Amino acid sequence: MRMIERWFPCAEVSDASRVGWGSGNSEANLFTWFAKRPLAQAKAAVLTSLLPWPDNAEEQGELKELVRRAMEGRDNAWQDVVNTLEKYYPNGVSMLDPFSGRAMIPLEAARLQVKANGIDYSPVATLAGQLLADYPMRDWSHEPELPFGESHLNVGNTRLLADLRSVLEEITRRHQVDMAPFYPVSHRRPWGYLWAVTLPCQECGLRFPLVGSLTLRIPQPRKGDPGQSYELVVDRAAGTFHAEVRVGPAATKPTMLSGVKQGKSVPGKSAICPFCDHLHPVQLHRRLMKERQGQDVLLIVGELDDEGVKVFRSPTDVEIEAAEQARKQLKVEPDFASGLPAVPNERIPVGNASVIQPSAYGYSSYGELCNDRQTLALVNLCRHIDSMGVQLTEVHGLSPEYASALVGYASSVLVRKLRRSTRGARLQTTGGSQVGDIFVNETSIGFAYDYFEASPYEGPGTWSSVTKGTLSSLKNQLGRLGGSAAKISRGSAVALPFRDKSLSAVITDPPYDEMIPYSDASDLSFVWLKRALASTQPWFGFTSDLDGVQEKTEEIIVKKFRARKTATDHRTKDFYDLMMGRAFAEARRVVAEDGVVTIVFGHGDPEVWHRLLGAITSAELVLTGSWPAKTESDKSGGSANIVTTLTMACRPAPGLRPAGRANLVEAEVRREVESRIQLWDAAGLAPTDQLMASAGPAMEVVGKYSKVLNHLGDPVEPTHYLVIARKTVIDATSVPIENLPLDTFDSRTRFALGWVRLYRRSAAPKSEARWQALAADLTMDELKGVLTEADKGVLFAPASSWSGSVSPTSSVIDVAMAMAHAWAGGLDEVAQVLVNAQRDEDDAYLWATLSYLSSLLPDADPDAIAWTSLVRARRGIGQVARGVVSARRKADESKPKQGSFFESEPTGANS
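Summary of the structure given here. Since we're looking at a predicted model, the values are computed, not measured. (Residues numbered from 1 in each chain as written. Predicted model: local features only at pLDDT ≥ 70, side-chain atom pairs only at ≥ 80, totals over all residues. Heavy atoms only, no water.)

1. Examining the sheet that holds strand 7 (residues 240-247)
Read from one edge of the open sheet, three strands run 5-6-7, paired in antiparallel fashion. This sheet does not close on itself; its edge strands, each paired only once, are strand 5 (215-217) and strand 7. Pairwise comparison of adjacent strand axes, ignoring direction, gives a mean angle of 30 degrees for this sheet. Bridge count between strand 6 (residues 228-235) and strand 7: eight bridges; the pairing is antiparallel. Residue Val234 lies in a different strand from strand 7, and its bridge partner there is Phe241. (Pairing = 2+ DSSP bridges. Helix = DSSP H or I, 4+ residues; strand = E, 2+ residues; numbered from the N terminus. Axes fitted to C-alpha atoms, helices over the stretch in contact; angles between N-to-C directions.)

2. Observations concerning the packing of aromatic side chains
All chains considered together, the criterion is met by 20 aromatic pairs. Here Tyr183 and Tyr193 contribute two aromatic rings whose centre-to-centre distance is 5.8 Å and whose plane-to-plane angle is 50 degrees, an arrangement assigned as tilted. A residue pair is termed long-range when its members are at least 10 positions apart, and Tyr183 in the loop between helix 8 (158-179) and strand 3 (190-200) and Tyr193 in strand 3 qualify at ten residues. As far as burial versus exposure is concerned, Tyr183 and Tyr193 are alike and both buried. Here the aromatic cluster, defined as three or more aromatic residues joined through ring pairs, consists of Trp33, Phe34, Phe439 and Tyr518. (Phe/Tyr/Trp six-rings, centres within 6.5 Å; stacked < 30°, edge-to-face > 60°. Buried < 20%, exposed > 50% of the residue type's maximum accessible area, 1.4 Å probe, protein only.)

3. Things to note about the pattern of salt bridges
One pass over the structure, following the stated rule, counts 54 salt bridges. One salt bridge connects Lys530 with Glu346, and the closest N-O pair in it is separated by 2.8 Å. With a gap of 184 residues between them, Lys530 in helix 14 (residues 518-532) and Glu346 in the loop between helix 10 (317-331) and helix 11 (372-395) connect regions that are remote in the sequence. As far as the burial class goes, Lys530 and Glu346 line up, both buried. (Salt bridge = Lys/Arg side-chain N within 4 Å of Asp/Glu carboxyl O.)

4. Here we look at the packing of helix 23 (residues 812-822) against helix 25 (residues 844-856)
Packing of helix 23 against helix 25 brings their axes to within 9 Å, and their N-to-C directions diverge by 65 degrees. The two elements helix 23 and helix 25 cross, and the hand of that crossing is right-handed. Along the contact surface, helix 23 presents Val812, Ile813, Val815, Ala816 and Met819, while helix 25 presents Tyr845, Leu846, Trp847, Thr849, Leu850 and Leu853. Split into classes, the residues belonging to the contact of helix 23 with helix 25 amount to ten nonpolar, one polar and no charged. (Left-handed = near helix turned anticlockwise from the far one by under 90°. Contact = heavy atoms within 4.5 Å. Nonpolar A, V, L, I, M, F, W, Y, C, P; charged D, E, K, R; others polar.)

5. Some remarks on the pairing of strand 12 (residues 310-313)
Side-chain alternation along strand 12 places Lys310 and Phe312 on one buried face and Val311 and Arg313 on a second face that is also buried. In this structure, the hairpin formed by strand 11 (residues 295-304) and strand 12 is closed by a connection of five residues, where Gly308 is found at a positive phi of approximately 85 degrees.

Just distances and angles here, no functional claims.
Below, the structure written as structure tokens:
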């Protein structure tokens, strides 16, 4: 048995993941990849998947203490861990991550002298993994000295950092010399340029720029900085315009605004012609873009003043002409190789507007995402990186492996540079003027009509600026203790190149359903890397994809589309489930008989967990442990930032498993979960974490059986027991509400009390509400009025938003909400609510609910104040309510009854 099947450092992982070494920020900065997961989680998964769980309690304690010490720092207890692994694996220890991504998991294994393997389907991810987990742990001291830069006496892997610095400095020098004619310098070197796309007005026919903001530098009165902005100065007679920089905030409006036409608001931002004020709705200006009528124009130049402050001015005629010369030069740039033109002609795959936003505006190839001068600068960088590799091997005698390493790191700078390039790079005015990241929404490449181009010199987003981050990240890696280079290669998780039962463990963080479109988001990097690596790593650019981008035939994701009705793709949910099952089956095949398959996974949707567990089951694996950790900050934005992830241990399912009876399996699941709660409490797991952890023991129990049958002989879905496990945690951790058992409250109220106990008034992921609803046998619709949507998910609804009426059949929580809502109107209105609900001051459930909720919410919370006041006025409210009932009864008694004997007799012929 492995440690992960009985213990995991949940609290240590959660603590270390937030900041510092365990966050993995330094490792992530080495190369742009997606869905960063913390280094602490990778390290803990490796340690607990490889270390045993002895029968002896004393040994167990020693190993747990060793792991805790190791989790105190990046390389804490390194020698002790290495010695312990050698003790338990005298013939060597090995592992594989078949979805290695940037190779965080293989990295941590390799650092511990484990024979680490990483495989990824994406060549971009493969390169990222090699730069992180392979090259830094090799000894390059035998390589010839470089002909440029300072002479180095470094030995071992520190030689790599010194040589890379020299290589990057030389590439910077060559690049700046080549690009100087296209980026002229007056008395200051520019750091960037503001551009905009122009379109012809459909009314007056004049071209005008589409700009969404006129702010260049936000005013900072405390620093005596009035800021800068600009305005478009138009000459209607001449039909011309130019941008004029001014001190202070903008005095005019940009040309991209939320529009109104014929008295009605127009959806989206409209383009307004500054010459004639004609409004172009979003559908119109997008159509004009798709018709290729957009043209780029240089508006503003940014430079650093003598004190280093970023200032802005209008471009000179020389600068405008230089940009035009760049366009002409780009047309005559030679190919990198046969079939590899200077300007990327690789097509953006159809249906990719949600990932490559410029494609929604008519840009159909990756070479069109930049303006001509931006493209020329990238072409030039690729040429210098490519030629550097040839020079290092053919002229200066470096080994192909070392040249590949140096050129690879230079290419990583190129990829990081791309994040501040294209028409998605905006002038970011918050926090000081910067060049904004093109990945404005996790993995979606943005687009703006007005965008910012970094210069080839100094400043944010420039090549020389980005190199500093790469060198700093590599220095951190080279400063770590020990390690043996991991083997990172490109391949498929469904066809692993390993013998049966040959690996000590398989540890992986697989794709999370439709959360991240890895290859689609990294194709921009791929097409430029093909050119930068054309000579040193020609394997990199091999692809059978008809668009010339990365292959996607076996990419295991669910492709997400904005317009699902018109888009088609083979990467469907069925495809994902099938391929994930095959990948897990391959992992089962190659892991040793005493090994584990460890899966790190995080997702909020119960359906995704349902399907994941289905894939695990189809691969004939069974869960033997499940451990939650809070691996992201609550403030992290976007779906890729999972707050809590599970690290799950699996083993090959035993043969000849019996069929289980549903009622007995359910009882067994409850017992197993209950037995774990004490362990989770001792480990400091919060109730919310225990809810997620309950999946492990539930699936352990279900995994004992080939199938589970109900009393009719029909199979029961394994995921049914996830809900049973959660109910068990809720029941076990629930507390009586003023001596009233929680399970005696109505289901809607029981949900509300449980939710507020866990989250108070804080927002929680919407997915958690879905899980909790399942456990409570409620639908999300049935929770309206109890929960309300928030920026980061859902939260307990305020009574101020409560609407409707109460009746004798209303749940207790609805009566409580109505009472808090009526509190502002005084006792009479509150009493009216009680009367309508047919409740009084002796209703134990109602007043217990009010008291309990008010005790959990913040003191200043309006509902807490109202409920506290209501509890104090309980007797008075009851008295008023009785008065209302009495008055109603008297009023009813005084009314003549329809059809009674005392009504006037009708008159007529027979009277």
